[in-house]
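# Coordinates in review
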Amino acid sequence: MTGHELFGSEQGERARQTAMRLLAATGGAAGDFAGEVLAGRRRPHELLAHGPVLDEFVQEARGWWQIIDALPAEERQRLAGEAWSSLERQVGELATLDVDDAVAELEKLSAPAPEPPVRNRRPRDDEDDDWSERSYLEPL
């Protein structure tokens, strides 16, 4: 199967929609772009031409290149040989993912933490509320 056949299939389209929904739920430049795609105002292939997303992608890719370059040559060759089957498997997993649950989980994880409740400070044992009523010479 070629890349066009994989991504042009019904399974590939479901995977693309799932990826866009997950990306939109994460926020940031890529998430905002994915929201535009889901709303029909942008097309997925424009993603890498979108400046902020491109900058994010290039920075992330540099990190991956460093990791891959650090691997032994045999490991890189093995990974390259398995790349296509791995991509097919990942597209299949995305196509069958329960995207509503995954988006809900992402939104829950990205929600701001609730503010801790404000506690009324209890007076310390050595504090005395009626200090102002005592004479200056009386010990506390």
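Residues numbered from 1 in each chain as written. Predicted model: local features only at pLDDT ≥ 70, side-chain atom pairs only at ≥ 80, totals over all residues. Heavy atoms only, no water.

To continue, consider the overall build of the chain. Looking only at helices and strands, one finds six helices and zero strands in the chain. Scanning the chain from its N terminus toward the C terminus, one meets helices and strands in the order α-α-α-α-α-α. With the model as given, the accessible surface of the chain reaches about 11300 Å², and the carbon-plus-sulfur share is 55%. (Helix = DSSP H or I, 4+ residues; strand = E, 2+ residues; numbered from the N terminus. Areas by Shrake-Rupley, 256 points an atom, 1.4 Å probe, with all protein chains shown as cover.)

Note on placement: threonine 18 falls in helix α2 (residues 10–26). Residue classification places threonine 18 among the buried positions, given a relative accessible area of 7%. Looking at threonine 18, its side chain comes within polar contact range of the main-chain oxygen of leucine 94, at 3.2 Å. When sequence neighbours within four positions are dropped, the list of residues in contact with threonine 18 reads Leu94, Leu97 and Val99. (Buried < 20%, exposed > 50% of the residue type's maximum accessible area, 1.4 Å probe, protein only. Polar contact = N/O pair within 3.5 Å; in protein donor to acceptor, adjacent residues only side chain to side chain. Contact = heavy atoms within 4.5 Å.)

A few words now on the nonpolar core. In globular proteins that are soluble, nonpolar side chains generally tend to be buried together. Formed by Met20, Ala29, Ala30, Phe33, Ala34, Val37, Leu47 and Val53, the largest nonpolar core amounts to eight residues. Ranked by residues supplied to this core, first place goes to helix α3 (residues 28–38) with five residues. Apart from residues lying up to four places away in sequence, phenylalanine 33 is in contact with Arg42, Arg43, Pro44, Glu46, Leu47, His50 and Val53. In terms of nonpolar packing, the next biggest core, distinct from the first, is built from five residues, Ala25, Val99, Ala102 and Val103 among them. (Core = buried A, V, L, I, M, F, W, Y, C linked by side-chain atoms within 4.5 Å.)

This next bit is on helix α5 (residues 73–96). For α5, built from 24 residues, the straight-helix expectation of 34 Å at 1.5 Å per residue is met to within 8% by its first-to-last C-alpha distance of 34 Å. Along α5, the largest kink reaches about 50° and is centred on alanine 83. Taken together, the buried positions of α5 are occupied by Ser86, Val91, Gly92 and Ala95. (Expected span 1.5 Å × (residues − 1). Bend = angle between axes of the 7 residues up to and from the residue.)

With that out of the way, let us pick up the confidence of the model for the chain. Parts of the model with low pLDDT should not have their predicted coordinates read in detail. Per-residue confidence for the chain averages 83 on the pLDDT scale, and 82% of its residues sit at or above 70. Taking the mean pLDDT of every element in the chain, the minimum, 73, falls on helix α1 (residues 3–8) and the maximum, 92, on α5. (pLDDT = per-residue confidence, 0-100.)

Now for the pattern of salt bridges. For the coordinates displayed, the defined rule picks out eight salt bridges. Close ionic contact of arginine 14 with glutamate 10 constitutes a salt bridge, the shortest N to O distance being 3.0 Å. With arginine 14 and glutamate 10 both in helix α2 and four residues apart, this pair spans about one turn of that helix. On the basis of relative accessibility, which here comes to 62%, the residue glutamate 10 falls in the exposed class. When the shortest N-O distance is used, the salt bridge between arginine 42 and glutamate 46 registers 2.9 Å. The class of glutamate 46 is partly exposed, set by a relative accessible area of 26%. Look at the salt bridges and you will find they share partners, linking Glu75, Arg78 and Glu82 into a network. (Salt bridge = Lys/Arg side-chain N within 4 Å of Asp/Glu carboxyl O.)

Now for the packing of α3 against helix α4 (residues 51–69). Helix packing geometry: the angle between the two helix axes and the distance between the axes. Running from amino to carboxyl end, α3 crosses α4 at an angle of 130°, the nearest separation of the two axes being 8 Å. The pairing of α3 with α4 is recorded here as oblique in orientation. Seen along the crossing, α3 lies across α4 with a hand that is left-handed. Packed against α3, whose contacting residues are Ala29, Ala30 and Phe33, the element α4 presents Pro52, Val53 and Glu56 at the interface. Per-class residue counts for the contact of α3 with α4 are five nonpolar, no polar and one charged. (Axes fitted to C-alpha atoms, helices over the stretch in contact; angles between N-to-C directions. Parallel < 35°, antiparallel > 145°, perpendicular 65-115°, else oblique. Left-handed = near helix turned anticlockwise from the far one by under 90°. Nonpolar A, V, L, I, M, F, W, Y, C, P; charged D, E, K, R; others polar.)

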